[in-house]
Amino acid sequence: MCIICFGETKYSQWGANVCEACGSVFVSDPPTRKQLSEFYENYIEIYHGGGRKKTSIIRQNKWAKAYFALLHR
């Protein structure tokens with residue numbers, strides 16, 4: 001059961017439970033701080049949001065910046 005919306009969850013082939021109602025993802029073994037840091041450092045470099053490669057939507061998005069700061073704290 002989803003702890004966000006109380007919908008039904010289903011185990012995915014990539015190793016997580018995904019809520020069928022809201023799409024929330026739940027993992028039994030969350031990534032470490034180091035793994036998160038390495039992923040997002042690489043992700044920001046390769047993701048350009050469909051626009052110019054040098055301009056990342058994530059770098060411009062205030063919500064994303066706040067979320068990443070929270071993750072790093």
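Here the residue index of a chain counts from 1 through its sequence in written order. Where totals are concerned, whole chains, interfaces and linings use all residues; where local detail is concerned, this predicted model gives features only for residues with pLDDT of at least 70, and gives and counts side-chain atom pairs only at 80 or more. Side-chain metrics in this entry use all non-hydrogen atoms of the structure; hydrogen atoms and water are not considered.

Engineer: Honestly, the sheet that holds strand β3 (residues 25–26) in this entry has me stumped. Any pointers?
Structural biologist: Pairing between sheet strands relies on hydrogen bonds along the backbone, with the strands arranged either parallel or antiparallel. Strands are labelled as partners when DSSP assigns at least two bridges between them. Numbered from the N terminus, helices here are DSSP runs of H or I no shorter than four residues, and strands are runs of E no shorter than two. The strand order β1-β2-β3 describes an open sheet built from three strands, whose pairing is antiparallel. At either end of the open sheet lies a strand with only one pairing partner, and these are β1 (9–11) and β3. Pairing geometry for β1 and strand β2 (residues 17–19), over three bridges, is antiparallel. Each bridged residue has a counterpart across the sheet, and for Y11 the counterpart in β2 is N17.

Engineer: Any chance you could explain the layout of surface pockets here in plain terms?
Structural biologist: Vacant regions in the atomic arrangement are exposed by a probe of water-molecule size rolled over the atoms. Using protein atoms alone on a 1 Å grid, points that fit a 1.4 Å probe yet trap it form a cavity, whereas open point sets bounded by protein on both sides within 12 Å along at least five of seven lines form a pocket; residues with an atom within 4 Å of a point count as lining. Grid points are joined across faces, edges and corners, and a volume is the space filled by probe spheres set on the points. Considered as a void within the structure, the largest pocket measures approximately 180 Å³ in volume. Taken together, P31, Q35, L36, F39, Y40, Y67 and L71 form the lining of the largest pocket. Those elements giving two or more residues to the lining of the largest pocket turn out to be α1 (33–46) and α3 (62–72). Looking at which element gives the most residues to the lining of the largest pocket, the answer is α1, with four residues. Of the residues contributing to the lining of the largest pocket, the split by class is six nonpolar, one polar and no charged. Each residue gets one of three labels, nonpolar for Ala, Val, Leu, Ile, Met, Phe, Trp, Tyr, Cys and Pro, charged for Asp, Glu, Lys and Arg, and polar for the others, Gly among them.

Engineer: Mind showing me how you'd approach the pattern of salt bridges here?
Structural biologist: Charged atoms that come close allow side chains of opposite charge to pair. Salt bridges are counted wherever a side-chain nitrogen of Lys or Arg sits within 4 Å of a carboxyl oxygen of Asp or Glu. In total, this model carries one salt bridge according to the counting rule given. K34 is the salt-bridge partner of E38, the closest N and O atoms lying 4.0 Å from each other. With E38 and K34 both in helix α1, this residue pair falls four residues apart, about one helical turn. Three labels apply to residues, based on accessible area from a 1.4 Å probe with only protein chains included: buried if under 20% of the type maximum, exposed if over 50%, partly exposed otherwise in between. Given the relative accessible area of 46%, E38 is considered partly exposed. Residue K34 is classed as exposed on the basis of its relative accessible area, which comes to 59%.

Engineer: Before we go on, may I ask you to explain the side chain of S24 in this structure?
Structural biologist: The topology assignment puts S24 in the loop between β2 and β3. A contact between two residues is defined here by any heavy atoms of the two lying within 4.5 Å. Filtering out sequence-adjacent residues up to four positions away, S24 remains in contact with C2, I4, N17, V18 and C19.

Engineer: Would you explain the state of the cysteines in this entry?
Structural biologist: Two cysteines, two sulfur atoms, one covalent bond between them: this is a disulfide. The term disulfide is used for any two cysteine sulfur atoms that are within 2.5 Å. Scanning the model with the defined rule gives zero disulfides in all. In this structure C19 is a free cysteine whose sulfur lies 3.5 Å from that of C5, the closest cysteine sulfur available. No disulfide involves C22; its sulfur sits 3.7 Å from that of C5, the nearest cysteine.

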